Amino acid sequence: FLSLSLMTSFLSSSSGVNLALLRDFIREDLLLSISSAAGRTKALVFDKSLIGLLQLVVEFSALKERGVEKMFPLENKPLPQCPNSVIYFVRPDISQMQSIATQIKAHNKQGLEKEYSLFFVPRKTTICEQALKEFGVFADIQNMSECHICLVPLDSDVLSMESPGAFASCYLHNDKTPLFYAAHALMQLQIVFGVIPRIVGKGEMAQHVADNMLRMRREQSDIPLVSPEIDTVILIDRGTDLITPMCTQLSYEGLIDELFSIKHNFMELPPKLIPASHTGKTPKIELNSGDKLYEQIRDLHFADVLGLLGTKAKNLSSEYDERHKAKTIAQIKQFTAKLKRMQEEQNSLQIHTNLATEILDISNKNPKFTSNLQMEQNFLFGQDTDKSSEYIEDCICQKESLFKVMRLMCLQSLTNGGFKPKLYDFYRRELIQTYGFDKALTIENLAKAGLMKQQAGKNAYPYLLKSLNLVSEEEEQPQTGGSPKDISYVYSGYAPLSVRLVQELVQPGSTRSMEEVFKLIPGPTFEKQQKLPPGLKPKGFSDGKSGRQPVTLVFFVGGCTFAEIAAIRFLKQQSFAGNDYVVATTGMINGRTLLESVSKQLDPRVGGIPGPE
Amino acid sequence: LHIESAYSAQHPDDQSFALRKASKCYQDARDTFMAKATDEQLSLIALQKQLEDKLKKPFLNMSLGDTLYQCLLNNDISRANQIKKEYKIPDKRFWWIKVKALADSRNWDELEKF
């Protein structure tokens, strides 16, 4: 657990909706749960899949204040020695119940008397209670309750459920729990920020979320009377746009994620980039807008980052030089006041200059990086998508990383509306013979998820390409220093389909005018209104006085990429109508993590079994 | 389903048994591609067992490409050619594997012959 000192200060900045409120709300709930448990000293045992959520809401010191002495991830084996009060935080999942039973039984065997509290995140289920009874430990748990942690802020304008497997569980295992949690999360948001009047969305899973949410609203009458701060929620199903995550992200933050991977806002620096001053410390750095420098560069196209960093460095050193001019005491005081900020800035500048240089090195030294991008661009422009790609063949021959190969194949399949049978068989054979027969199951999963499949019906992509203006020639070659004109800069010329959908859906009534286009994208399009509690009006902007901008919440069901967030932040800056955007997602993903989640099927815990019907 | 149990099975005979069942299922479902792929995997396992006995090296659970590479590494050129024919490996991929194997085993004479 790392310090959240930065969090509180930056969460309240920039965006129209103060997400810190939501975090405080969740935090309060969590700490209250912990305080409610008996005993002065406590052990906290948590579900591994909740680490990210907990880490983003609460810092260890706050837990310590409430008596938490030790923390363990929940495993199916007895606990090490620990205080007498044990608190569990778990997902309502049978296998977790099994682990809890194992631990309690082990204690009982040793004759240890402990107090157990169990909190389900976010909901208690009867199945789990039943399971605990069957395992014979139900009576041992004194305190059983719920803790509603669903959606936590990653940044001042980004919320995440931190469950990156949501896509796979919905599309492969037919397990809709993530959608239920998402609906729950939206309910929680509405408790803090008021009812959201307009709901639009695209895609089957997105509709599930909307329906669930409306049902919960009907069942729950005690919505507090808060003036709505969010005007529209746009639910975008990942299934409607699988193309985007298959492309390599080219915004700075996106590239960091592609090359070094970002987890719960943190990245581990590669060893050689750790500044000498950092010896002994963990080489992890926090990536969010608490770092003012990072906030400025994270969403830029990578080609522009080093240039900006150079300018910053010059400015900073000239600021340092001012100290020579400082003569009067007042001036010196003024300078020392700035010093701390300048040192922070210098530190961050050093880290990011090193990091950006390293990324440049990787992309320059490795000719494959460029040819890979070239290949992606060709597919996106709809070129040669129907034949076997020589580049992909070469990659297989050289046994390049399976995920890299699959990612390209999926992109080709998606832009071609599936493969012709002959090509499909050829690719499948190549994959199986080179990477092993077990990959046959992965291939079946890809087909199930719609990522790579045999052609069926007409290819919709060329039409989408034109009508939604997905690729623009202009942005293909980013002009260094020039400011981008369209969201397509985040993928060097390709505008993420998902964000184009957002652009369309944000206009009221668009579901009708764009009907033709929407029909070509899988899943239903929907638009619904929620009635406000009587006497309440959306805050501010309806009377036109306070000048408040309408706020749109974009919820990516099934995950989104950093580049997509960059694109939405770009819309925020561009938008003439003065729309403000907040992004929510089930988890941050990129092409590799998405494919990993889809191809994990030899893990015995996974229920859905692919195979002939 | 049977493929999964094949992968959880340790002994190659159990693996083959489960795979034979899988192949039957695929045939019933008229998935000719997967039926064929499963059959090929069966014959690959048989081949790998032979090679293990002969060369006293582990071969099981390797992909076809890796098996071929190991054959070439052990300078079993005729066997490699036979594998290529039997599994219809495209020329391009075969040459890639061959060049890599010959280079790795420093078999420059054979490499010259191309």
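Owing to the predicted nature of the structure, the values given are computational and were not obtained by experimental measurement. (Residues numbered from 1 in each chain as written. Chains lettered and ligands numbered in written order. Predicted model: local features only at pLDDT ≥ 70, side-chain atom pairs only at ≥ 80, totals over all residues. Heavy atoms only, no water.)

## Thoughts on the interface of chain A and chain B
Taken together, the 28 residues of chain A in the interface contact 27 residues of chain B. Counting the surface lost from both chain A and chain B, the interface buries some 2,300 Å², and carbon and sulfur atoms represent 61% of this. Looking at the side of chain A facing chain B, the largest losses of area belong to Arg429, Gln433 and Phe437 of chain A, adding up to 31% of the total buried there. The interface formed by chain A and chain B holds five salt bridges in total. Salt-bridge contacts for Arg429 of chain A lead to Glu40 of chain B; the nearest nitrogen and oxygen are separated by 3.1 Å. For the interface between chain A and chain B, the tally reads twelve residue pairs in polar contact (both at pLDDT 80 or more). Those elements giving two or more residues to the side of chain A that touches chain B turn out to be α16 (390–397), α18 (421–435) and α19 (439–449) of chain A. Broken down by element, the residue count for the side of chain A that touches chain B peaks at nine residues, all from α18 of chain A. Each residue belonging to the side of chain A that touches chain B can be placed in one class, and the counts come to twelve nonpolar, six polar and ten charged. (Contact = heavy atoms within 4.5 Å. Buried area = accessible area lost by both parts, 1.4 Å probe. Salt bridge = Lys/Arg side-chain N within 4 Å of Asp/Glu carboxyl O. Polar contact = N/O pair within 3.5 Å; in protein donor to acceptor, adjacent residues only side chain to side chain. Helix = DSSP H or I, 4+ residues; strand = E, 2+ residues; numbered from the N terminus. Nonpolar A, V, L, I, M, F, W, Y, C, P; charged D, E, K, R; others polar.)

## Examining the pairing of strand β5 (residues 141–146) of chain A
All names here are of chain A. Two elements, strand β4 (residues 115–120) and β5, share five bridges in a ladder whose sense is parallel. Across the sheet, the residue bridging to Phe119 is Ser145, located in β5. At this point the chain moves from β4, through helix α6 (residues 126–134), to the parallel β5, and the crossover so formed is right-handed. (Pairing = 2+ DSSP bridges. Right-handed = clockwise from strand over helix to strand, strands pointing away.)

## Describing the packing of aromatic side chains
One pass over the structure, following the stated rule, counts nine aromatic pairs over all chains. Here the aromatic cluster, defined as three or more aromatic residues joined through ring pairs, consists of Tyr252, Tyr294 and Phe302 of chain A. The side chain of Lys133 of chain A reaches across the aromatic face of Phe138 of chain A, ending 4.8 Å from its centre. Taking the ring centre of Phe33 of chain B as reference, the NZ or CZ of Arg428 of chain A above it sits at 3.7 Å. (Phe/Tyr/Trp six-rings, centres within 6.5 Å; stacked < 30°, edge-to-face > 60°. Lys NZ or Arg CZ within 6 Å of the ring centre and 35° of its normal.)

## Considerations on the packing of helix α5 (residues 77–86) of chain B against helix α6 (residues 91–104) of chain B
All names here are of chain B. For the pair α5 and α6, the least separation of the axes is 11 Å and the interaxial angle reads 160°. Relative to α6, α5 is oriented roughly antiparallel. Between α5 and α6 lies a crossing whose hand is right-handed. Touching Ile77, Ala80, Asn81 and Lys84 of α5 are Asp91, Phe94, Lys98 and Leu102, all from α6. Class assignment for the residues of the contact of α5 with α6 results in four nonpolar, one polar and three charged. (Axes fitted to C-alpha atoms, helices over the stretch in contact; angles between N-to-C directions. Parallel < 35°, antiparallel > 145°, perpendicular 65-115°, else oblique. Left-handed = near helix turned anticlockwise from the far one by under 90°.)

## What about the sheet that holds strand β12 (residues 284–286) of chain A?
All names here are of chain A. Read across the sheet, three strands follow the order β10-β11-β12 without closing on themselves; strand pairing throughout is antiparallel. Both outer strands of the open sheet, β10 (262–263) and β12, are each paired with one neighbouring strand and no more. Bridge count between β10 and strand β11 (residues 266–268): two bridges; the pairing is antiparallel. Residue Lys263 lies in a different strand from β11, and its bridge partner there is Phe266.

## Points about the confidence of the model for chain A
All names here are of chain A. Averaged over all residues, the pLDDT of chain A equals 81, while 86% of them reach at least 70. Low pLDDT, under 50, characterises residues 475–481; the stretch is placed with 18 contacts to residues that sit more than four places away or in other chains. Contacts of residues 602–613 to residues separated by more than four positions or lying in other chains number 22 contacts, the stretch itself having pLDDT below 50. (pLDDT = per-residue confidence, 0-100.)

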